[in-house]
Amino acid sequence: MTAFSVLLPVYAGDEPEHFARALTSISVDQTLRPNEIVIVRDGPVPSALEEVIAQASEGSAVDDIPVTLVRINRNRGLADALALGLESCRYELVARADADDISVPERFARQLPLIAGDAPGYPDGFDLVGSAIREFNTDEHHPGMIRRLPEFGPEIRRVARFRDPFNHPTVVYRKSAVARAGGYQHLAKMEDYWLFVRMLQHGARVTNLPDPLVLYRVGSGAYKRRGGVEMLGSELALQHAFVRSGFVSRVTGARNIVVRGLYRLVPTRLRRAAYRVMMRLTGKR
């Protein structure tokens, strides 16, 4: 099996116990274990979180899988953290993980053969492989809604004009494909969507697995964070970038600003309901 890295950013807002669980899930729990884990500490963190990071870098938390720790002195945001982390990854194939989500044990065993070209029927492999996610609140053993996205290239490209076609914490990609698209670029809270669109524009071969390979921690404030004036500003910047790059027309960009902008401004209760309807419509198989 081709060697691969796992890229995991962490910052002061992450909970130590959630980060420790995320680490376990991408290392000792996996049926196919990574060849290295790259942790990016984006700025100073509380002592309890620093202790978990130290344990991981010493190997005690990840069953002696090599860990590279990238320390950033001040918080620079997700785009810079991921860009610096990618530079430190030794291998061409890189799996993303977040500090509060849980990868199911067979995640890498399912995704790596597809991207490496080792899976029957896919000799050329892919440049990016994502998957569905399953939401949970506090107990990972009581999961909730599945966010399932289109599986195949043409439908992924169609959906990408209107919404993010991948669940970022689930993706495995080729470093070279990310580099061809210009890498992670700062666009507040939309860095992943903007990267994926540019990868599609550069001809990346992509797919999504329909099974949920990551348990996504939503918590009480998850839907609230998707709204507000700041998110509206990020939405406007994203749609302008789409139009400038030629990915969508001015008409489609304006439509997206109206529809997605309204979504950012409605009360949280309505946002949650609207999101669930959208997932059912765009994720149906």
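Every value quoted in this text rests on a predicted model; they were computed, and no experiment measured them. (Residues numbered from 1 in each chain as written. Predicted model: local features only at pLDDT ≥ 70, side-chain atom pairs only at ≥ 80, totals over all residues. Heavy atoms only, no water.)

**Student:** For this particular structure, what's the right way to read empty space enclosed by the protein?
**Tutor:** The probe, sized like a water molecule, is rolled over the atoms to show the empty space still left. Applying the stated rule across the entire model yields one cavity of 30 Å³ or more. Reported here for the largest cavity is a volume of approximately 40 Å³. Lining the largest cavity we find A22, S25, I26, A97, D98, D101, I102, S103, R107, P169 and V214. Elements with a contribution of two residues or more to the lining of the largest cavity: α1 (16-26) and β5 (102-103). Per-element tally for the lining of the largest cavity: the top contributor is α1, with three residues. For the lining of the largest cavity, the per-class residue count stands at six nonpolar, two polar and three charged. (1 Å grid on protein atoms, 1.4 Å probe; cavity = no way out; pocket = protein on both sides within 12 Å on 5 of 7 lines; lining within 4 Å. Points joined across faces, edges and corners; volume = space filled by probe spheres on them. Helix = DSSP H or I, 4+ residues; strand = E, 2+ residues; numbered from the N terminus. Nonpolar A, V, L, I, M, F, W, Y, C, P; charged D, E, K, R; others polar.)

**Student:** I would appreciate a short explanation of the side chain of H168 in the present structure.
**Tutor:** Examined against the element boundaries, H168 turns out to sit in the loop between α5 (153-160) and β8 (172-174). There is a polar contact of 3.3 Å between the side chain of H168 and the side chain of R96. (Polar contact = N/O pair within 3.5 Å; in protein donor to acceptor, adjacent residues only side chain to side chain.)

**Student:** Would you mind showing me how to read the packing of α1 against helix α2 (residues 47-57) here?
**Tutor:** Packed helix pairs are characterised by how far apart their axes lie and by the angle those axes make with each other. Remark: α1 packs on α2, axes separated minimally by 9 Å, with the N-to-C direction vectors making an angle of 20°. The pairing of α1 with α2 is recorded here as roughly parallel in orientation. Taken as a pair, α1 and α2 cross one another with a handedness that is right-handed. Across the interface between the two elements, P16, F19, A20 and L23 of α1 pack against A48, L49, V52, I53 and A56 of α2. Here the contact of α1 with α2 is built from residues that sort into nine nonpolar, no polar and no charged. (Axes fitted to C-alpha atoms, helices over the stretch in contact; angles between N-to-C directions. Parallel < 35°, antiparallel > 145°, perpendicular 65-115°, else oblique. Left-handed = near helix turned anticlockwise from the far one by under 90°. Contact = heavy atoms within 4.5 Å.)

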